[in-house]
Amino acid sequence: MSMIEFHDVEKYYGDFHALKDINLTIDKGEVVVIIGPSGSGKSTLLRSMNGLNTISSGKLIVNNFDLADKKTDINKIRREVGMVFQHFNLYANKTVLQNVSLAPQLVLKEDKAQSEKEAMELLKLVGLEDKAQSYPSMLSGGQEQRVAIARSLAMKPQALLFDEPTSALDPEMIGDVLDVMKKVAADDGMTMIVVTHEMGFAKEVADRLVFMADGEILEDDDTKSFFAHPKEERARQFLSKIINH
Amino acid sequence: MLSILVNHWPELWSGLLFTLGSSVLALIGSLIVGTVFAFLEISERKWVRIIGRIYVEIFRNIPLLVITMFFYVVIPMLFANVNGFTAGTIGLTIYTSAFIAETVRAGIEAVDLGQMEAARSNGLSYLQAMVHIVFPQAIKITIPPLGNQFINLVKNSSVLAFVAGFDLMYQGNLIASTTFDTSNTYLAVGLLYLVLTLPLSYFMRYLEKKWA
């Protein structure tokens, strides 16, 4: 069963050709890591999967919904496909507990007590149950990002999109966030698509690696063979640069 | 000045009440109308944005007195009679709402775009994201400039004097023209405007601190 399918997808920002002839299928339960130099279209690709970016042409099917179809209710897709951002984007006017329990209350119509109970369990999972009453401004970046993951999980999504989740963090915070992401990946039913430069995480957790450059998918291979012998010269260069720095 | 205040207190008090009434009505009205046009200005639909823009650009670029005169003179020729108080208050509401629309729009746009994106990605509708996440943060940012608009509004209500709106300025003009004690009359009138605006000023500062 496929979770996400791109068929001949193109994306233009004015004259800039951001995504070129993208064909990609991601199955349910798969963990896919997308890598590539900055400006290669990784984030654009990821953000199109929950409709934060629209596509210019082609076909994009997410969880059996056609994103290009105007009749598709994008909110329904977003209930099933969560997103974790580089800059966390926690709700600044809400406490940690409210951040996690708000969408279940408003969207899934859970009652307050139930949603807060579930939120506390998720905060425990990410190791932050003692911060439930804090505001995001009182947390460190790593803590914020773990709350953001809990917030996405609270909607019980089928898929989670991670847009460079550790790029804005201090080095000593990265491990905690990656540990939480590994816990999420351990759930076999969860589809995860992760844009990251954390090669250790990719090696350990990813089923597949997708390498992008200049808006194209240059290589799409299972993790072992990608790291053992990348076929594309640009992928080889990229790997040697980020592994040997 | 004291003798003016004592001898003409009934007129001044009545003027103060008319000014207060007009200000409160226009404040509520312009806050509602201004917020509505702020949302038109940030709509995803271009033609809606254009409607918002046209409204704002027309009414913030025409003098308040002209707008008020329009309602006082032109509307009665076309439709029903309006008295000075009504014409002045409508003019004040529309004029101020154009500035409030810009203030609220700027406040909403000052909230990090990531807040809206996160809320939408979390499954919230645009309206839910606006009501629960973006607008509450925007209002906080908007409090200091809104305070300026509200104070301006109270002072601008003196436009009622030009259309026989029985406000404080109107009464002041009458008193000055009968007593010929111009300087003391306008000192008294100025003092009474302060009685209205200073508490408002401090109230806005209080809100700013409370919600910070």
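Residues numbered from 1 in each chain as written. Chains lettered and ligands numbered in written order. Predicted model: local features only at pLDDT ≥ 70, side-chain atom pairs only at ≥ 80, totals over all residues. Heavy atoms only, no water.

Going by an unreviewed UniProt entry, chain B carries the name Amino acid ABC transporter permease and comes from Loigolactobacillus zhaoyuanensis. Its UniProt record gives chain B a comment under Subcellular location (unreviewed entry), which states: "Cell membrane". Taken directly from UniProt, the Sequence similarities (unreviewed entry) text for chain B runs: "Belongs to the binding-protein-dependent transport system permease family." (UniProt positions renumbered as here; feature names shortened; annotations may be inferred.)

Chain A has the name Amino acid ABC transporter ATP-binding protein in an unreviewed UniProt entry, where Loigolactobacillus zhaoyuanensis is given as its organism. Quoted verbatim from the Sequence similarities (unreviewed entry) field of the UniProt record, the comment on chain A reads "Belongs to the ABC transporter superfamily."

A. Representation of the overall build of chain A in the model. For chain A, the count of helices and strands is nine helices and 10 strands. Over its C-alpha trace chain A gives a radius of gyration of 18 Å, about what one expects of a compact globule, namely 18 Å for 245 residues. With the C-alpha coordinates of chain A rotated into their principal frame, the extents come out at 50 × 45 × 35 Å. Looking at chain A residue by residue over its 245 residues, the buried ones come to 55%. Looking at chain A alone, contacts between residues at least 24 apart form 65% of all its contacts between residues at least 6 apart. Counting every atom, chain A has about 10800 Å² of accessible surface; 47% of that belongs to carbon and sulfur. Side-chain charges of chain A comprise 29 positive and 38 negative groups, with the mean position of each set lying 4 Å from the other. (Helix = DSSP H or I, 4+ residues; strand = E, 2+ residues; numbered from the N terminus. Rg over C-alpha atoms; globule rule 2.2 N^0.38 Å. Buried < 20%, exposed > 50% of the residue type's maximum accessible area, 1.4 Å probe, protein only. Contact = heavy atoms within 4.5 Å. Areas by Shrake-Rupley, 256 points an atom, 1.4 Å probe, with all protein chains shown as cover. Lys, Arg positive; Asp, Glu negative; His and termini not counted. Charge placed at Lys NZ, Arg CZ, Asp CG, Glu CD.)

B. The arrangement of the packing of helix H5 (residues 141-153) of chain A against helix H6 (residues 171-186) of chain A in detail. All names here are of chain A. Running from N to C, H5 and H6 point in directions that differ by 15°, and their axes come no closer than 8 Å. When the axes of H5 and H6 are compared, the pair comes out roughly parallel. In the crossing of H5 with H6, the sense of the turn from one axis to the other is right-handed. Contact residues: Gly142, Gln145, Arg146, Ile149 and Leu153 in H5; Met173, Asp176, Val177, Val180, Met181 and Val184 in H6. Split into classes, the residues belonging to the contact of H5 with H6 amount to seven nonpolar, two polar and two charged. (Axes fitted to C-alpha atoms, helices over the stretch in contact; angles between N-to-C directions. Parallel < 35°, antiparallel > 145°, perpendicular 65-115°, else oblique. Left-handed = near helix turned anticlockwise from the far one by under 90°. Nonpolar A, V, L, I, M, F, W, Y, C, P; charged D, E, K, R; others polar.)

C. Broad picture of the pattern of salt bridges. For the structure on display, the rule yields 19 salt bridges over all chains. A salt bridge links Lys231 of chain A to Asp221 of chain A; the shortest N-O distance between them is 2.5 Å. Placement of the pair is Lys231 of chain A in the loop between helix H8 (223-228) and helix H9 (233-243) and Asp221 of chain A in strand E10 (residues 216-222), with a sequence separation of 10 residues. Judged by relative accessible area, Asp221 of chain A falls into the buried class, the value being 12%. In this structure, Arg105 of chain B and Glu102 of chain B form a salt bridge, with 3.1 Å as the shortest nitrogen-oxygen distance. A residue pair is termed a helical-turn pair when its members lie 3 or 4 positions apart in one helix, as Arg105 of chain B and Glu102 of chain B do in helix H5 (residues 84-110) at three residues. Each member of the pair Arg105 of chain B and Glu102 of chain B is classed as buried. Each member of the salt-bridge network shares a partner with another, and the members are Glu41, Arg53, Glu57, Arg60, Glu102, Arg105 and Glu109 of chain B. (Salt bridge = Lys/Arg side-chain N within 4 Å of Asp/Glu carboxyl O.)

D. View of the UniProt feature "domain: ABC transporter" (unreviewed entry) in chain A. Under the UniProt annotation, "domain: ABC transporter" (unreviewed entry) lies at residues 4-239 of chain A. Secondary structure across residues 4-239 of chain A divides into 37% helix and 26% strand, with the first and last C-alpha atoms of the span separated by 26 Å.

E. The arrangement of helix H4 (residues 64-78) of chain B in detail. Residue and element names in this part refer to chain B. Here H4 is 15 residues long and its end C-alpha atoms lie 21 Å apart, about the 21 Å a rise of 1.5 Å per residue gives. Taking the largest bend as the criterion, H4 deviates by roughly 25°, centred on Phe71. Residues Leu64, Ile67, Thr68, Phe71 and Ile75 constitute the buried set of H4. Elements in contact with the buried residues of H4: helix H3 (46-60), H5 and helix H7 (126-156). (Expected span 1.5 Å × (residues − 1). Bend = angle between axes of the 7 residues up to and from the residue.)

F. Local environment of the sheet that holds strand E7 (residues 159-163) of chain A. Residues and elements named next belong to chain A. Spatial ordering of the open sheet is given by E6-E7-E8-E3-E9-E10, a layout of six strands whose pairing is mixed. What marks the edges here is a single partner per strand, and that holds for strand E6 (81-84) and E10. Put simply, the sheet's adjacent strands are angled 15° from each other on average, direction ignored. Pairing of strand E3 (residues 31-35) with strand E8 (residues 191-195) involves four bridges; the strand directions are parallel. Each bridged residue has a counterpart across the sheet, and for Val32 the counterpart in E8 is Ile193. In the packing of H9 onto the sheet, the strands contacted are E3, strand E9 (208-213) and E10, and the crossing angle to E9 comes to about 100°. (Pairing = 2+ DSSP bridges.)

G. Local environment of empty space enclosed by the protein. Throughout the structure, instances matching the rule amount to one cavity of 30 Å³ or more. Together, Arg78, Arg79, Val81, Gly82, Met83, Arg151, Ser152, Met155 and Pro157 of chain A together with Ala118, Ser121 and Asn122 of chain B line the largest cavity. Sorting elements by how many residues they give to the lining of the largest cavity places E6 of chain A first, with three residues. Along the lines of polarity and charge, the residues of the lining of the largest cavity split into five nonpolar, four polar and three charged. (1 Å grid on protein atoms, 1.4 Å probe; cavity = no way out; pocket = protein on both sides within 12 Å on 5 of 7 lines; lining within 4 Å. Points joined across faces, edges and corners; volume = space filled by probe spheres on them.)

H. Fine view of the sheet that holds strand E4 (residues 57-62) of chain A. Taking strand neighbours across the sheet as the criterion, the four strands line up as E2-E1-E4-E5 (chain A) in an open arrangement whose pairing is antiparallel. What marks the edges here is a single partner per strand, and that holds for strand E2 (16-27) and strand E5 (65-66) of chain A.

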